[in-house]
Amino acid sequence: MASEAVQSEQRRAKLDELIALGVSPYPVRFDRTDTVSALVARYGETSGPDLEAARPETRAAGRILSMRTFGKANFLALSDGLTRLQVYVRADSMPERDFEIFKRLDLGDTIGVSGRMFRTKTNELTIFASGIEFLAKCLLPLPEKWHGLTDIETRYRQRYLDLIVNPDSRRVFEARAKIVAGIRQFLNARGFLEVETPMMQPIAGGALARPFTTHHNALDLPLYLRIAPELYLKRLTVGGFEKVYEINRNFRNEGISTQHNPEFTMLEFYEAYVDYQHLMTMTEEMLVDVARSVTGGAETTFNGHQISFAAPFRRLSLRHAAAEAASERLGRPVSEADLRNREKAAEVARALHFEVQPSHGAGKIATTIFEGLWEDQLIQPTFVYDFPTEVSPLSKQKPDDPDTVERFEMYAGGFEVANGFSELNDPVEQRRRFEDQLKDRAAGDAEAHQMDEDYVRALEYGLPPTGGEGIGIDRLVMLLTGSPSIRDVILFPLMRPRED
RNA sequence: GGGCCCGUAGCUCAAUUGGCAGAGCAGCAGACUCUUAAUCUGUUGGUUGAAGGUUCGAUUCCUUCCGGGCUCACCA
């Protein structure tokens, strides 16, 4: 029998044999002199004769990912997770005890190898083993060596297995780390201060979304997992931190899709004395900088599209673009003025088969039309700017147009990546906007903003003119790594628990 | 939450119109002193996601449930 349970039994039996030989089954440490990656980096270009002359000694460790045995001459592939290196094992070149260990090894076991570097007859860089130490047992059979692990569900549920056998998966998460590091470097170099603000908040503000709820026992206090750090970061700008940012998790109790995970990572940054125009320029600089650090250039391939982060990004005025697309779709003229008129805008939306709720004003309807007609076509990085005030409770109005705010969203790959605006810093107007939100809330909109008295008070102390922006890190990583699902760029995406 | 699709050995996949559940890898036993998905000989391994139903007979058809994928809605 060789079901999984039986194979596991067989592996355990080999471990018991090692114990009987006096081998420690789970030793505490192995003093390696080099990682496998370091050895390949150092000797990857060194010729066989040069290695024979130098005979460099090493102690390396890793997981066995393949074995080819020939009785007396044996080869195995040792991996440090990042790189593979061949090990040559022969009975007459190591203590008998070490060869007894070797004979009882399974694919997936972790070992330490001491020996010297050389090249085989086929010129492959190899450790000529003079000793083997057993370091950890793999009690379960690994996925197949050639096809790897392709089952999507298993890859997400058992990410460790995915990482062992699928190097491409590992590369995505290495790229993710580079992207985040690149963003920090970019902001730090410009004098931004990284801060941490509450994940648990008495009022879930800063965005329009349903929160997760929790409870603090000692204080008997209902709390929300934050949906955004925005209102806390702006309090810090009131406090005199003129350039702040935070890279951390947000939690939104909404649907799961290829572009949504209930917890996701967001960069938010705020800079005093700048407006949304400045933010757009800065975003172009940041993204091309980060793209270069990951892909080597400004280009990436996503869902079969070649995407370029080279500046300048396309710019579309929301109402203008919505009117233009609606005109084209309906075959009759629709003007921006029409989209500012509630009745006319609603009529256009219905003609386009978009849902219009009684509580929706002209601004919400114009935004719905825009998103419905444009969003999935915005493959190249595009700034959509000048949003209706109605859908932007925290943004500052344009000086000459109170129905429009200085706000933009950046789209790429067919979805929203960033959202930024000139911050509303008039406490009277902010209170009025919150009150509008409360009306929506009373009308049943669970995503409408709550009143935050302390935030209004902070504004009363005076927030300087400030620009602020959020960038969805997961989505940016999707674009820069060519990953079609957000679950491919989150190590442990949320899954429904499975009964084992 | 709605619609469509998927679930067969540890892994990757087959199975004709409803007619004996199979292969490769891994495993096990053996051969082999430079292999590269090593090769060769032999061999183990299945509650076909679960429970019902139709049928002489179900991996196959039907129902329900479980898990997943895509998509729509919500949203970032």
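Located above this text is the structure these notes cover.
The residue numbers shown here count from 1 along each chain, following its written sequence. Written order decides the labels, with chains lettered from A and ligands numbered from 1. Predicted model: local features are reported for residues with pLDDT of at least 70 only, side-chain atom pairs are reported and counted for 80 or more only, and whole-chain, interface and lining totals are derived from all residues. Heavy atoms throughout the structure, all of them, feed into the side-chain values; hydrogens and water do not.

Asker: Is there a simple way to explain the overall build of chain A in this structure?
Answerer: Strands are runs of DSSP state E lasting at least 2 residues, helices are runs of H or I lasting at least 4, and numbering of each runs from the N terminus. The secondary structure content of chain A amounts to 16 helices and 19 strands. On C-alpha atoms alone, chain A measures out to a radius of gyration of 29 Å, which is more than a quarter above the 23 Å that the 2.2 N^0.38 rule sets for 500 residues. For chain A, the spread of C-alpha atoms along the principal axes amounts to about 90 × 55 × 50 Å. Residue burial is assigned from relative accessible area. The probe radius is 1.4 Å, only protein chains are included, and a residue is buried under 20% of its type maximum, exposed over 50%, and partly exposed in between. Within chain A, the fraction of its 500 residues that count as buried is 51%. By the convention used here, residues are in contact when the closest approach between their heavy atoms is within 4.5 Å. If you take every contact in chain A between residues at least 6 apart in sequence, the share linking residues at least 24 apart comes to 66%. The Shrake-Rupley method, run with a 1.4 Å probe, gives the accessible areas here. Residue values count only the displayed protein chains as cover. Per element, the accessible surface of chain A, about 24200 Å² overall, is 51% carbon and sulfur. Positive and negative side-chain charges in chain A, numbering 61 and 75 respectively, have mean positions lying 6 Å apart. Restricting the calculation to C-alpha atoms gives the radius of gyration, and the globule rule supplies 2.2 Å times the number of residues raised to the power 0.38. Note on charges: Lys and Arg go in the positive column, Asp and Glu in the negative column, and His and the chain ends are not counted at all. Positions of charges follow a simple convention, taking NZ of Lys, CZ of Arg, CG of Asp or CD of Glu.

Asker: Sorry if this is basic, but what is going on with the pattern of salt bridges here?
Answerer: A side chain with one charge may pair with a side chain of the opposite charge, provided their charged atoms come close. Salt bridges, as used here, are contacts in which a Lys or Arg side-chain nitrogen is within 4 Å of a carboxyl oxygen on Asp or Glu. All chains considered together, the criterion is met by 40 salt bridges. The salt bridge partner of D34 is R42, with a shortest N-O separation of 2.7 Å. When its relative accessible area of 8% is taken as the criterion, D34 is described as buried. Take R42: its relative accessible area is 44%, and that puts it in the partly exposed class. The partner of K103 in a salt bridge is E100, and the shortest N-O contact between them spans 3.2 Å. One end of the pair, K103, and the other, E100, are both in helix 4 (residues 96–103), three residues apart, so they sit about a helical turn from each other. Where salt bridges share partners, they join E429, R432, R433, D436 and K439 into one cluster.

Asker: Looking at this structure, I do not really get the environment of H449. What am I missing?
Answerer: Mapped onto the elements, H449 comes out in the loop between helix 14 (427–442) and helix 15 (453–462). For the pair H449 and R342, spaced 107 residues apart in the sequence, the C-alpha separation amounts to 22 Å. Sequence-distant contacts of H449, that is, excluding residues within four places in its chain, are made with G205, G206, A207, L208, L231, L394, F434, Q437, L438 and R441. Within polar-contact distance, the side chain of H449 engages the backbone nitrogen of G206 at 2.8 Å. Whenever a nitrogen or oxygen atom comes within 3.5 Å of another N or O atom, the pair is scored as a polar contact, on the condition that within protein one atom can donate a hydrogen and the other can accept it, and that pairs from neighbouring residues in sequence are kept only if both atoms are in side chains.

Asker: What's the story with the layout of surface pockets in this structure? I'm lost.
Answerer: Any empty space left between atoms is shown by rolling a water-sized probe over those atoms. The computed volume of the second largest pocket comes to approximately 350 Å³. Elements with a minimum of two residues in the lining of the second largest pocket: helix 1 (4–20), strand 1 (57–69) and helix 6 (159–165). Residues of the lining of the second largest pocket, tallied by class, amount to eight nonpolar, three polar and four charged. Of the grid points, spaced at 1 Å and generated over the protein atoms alone, those admitting a 1.4 Å probe that cannot get out make up cavities, while open sets with protein on both sides within 12 Å along at least five of seven lines make up pockets; any residue with an atom within 4 Å of a point is treated as lining. Grid points are joined across faces, edges and corners, and a volume is the space filled by probe spheres set on the points. Residues are grouped as follows: Ala, Val, Leu, Ile, Met, Phe, Trp, Tyr, Cys and Pro are nonpolar; Asp, Glu, Lys and Arg are charged; all remaining types, including Gly, are polar.

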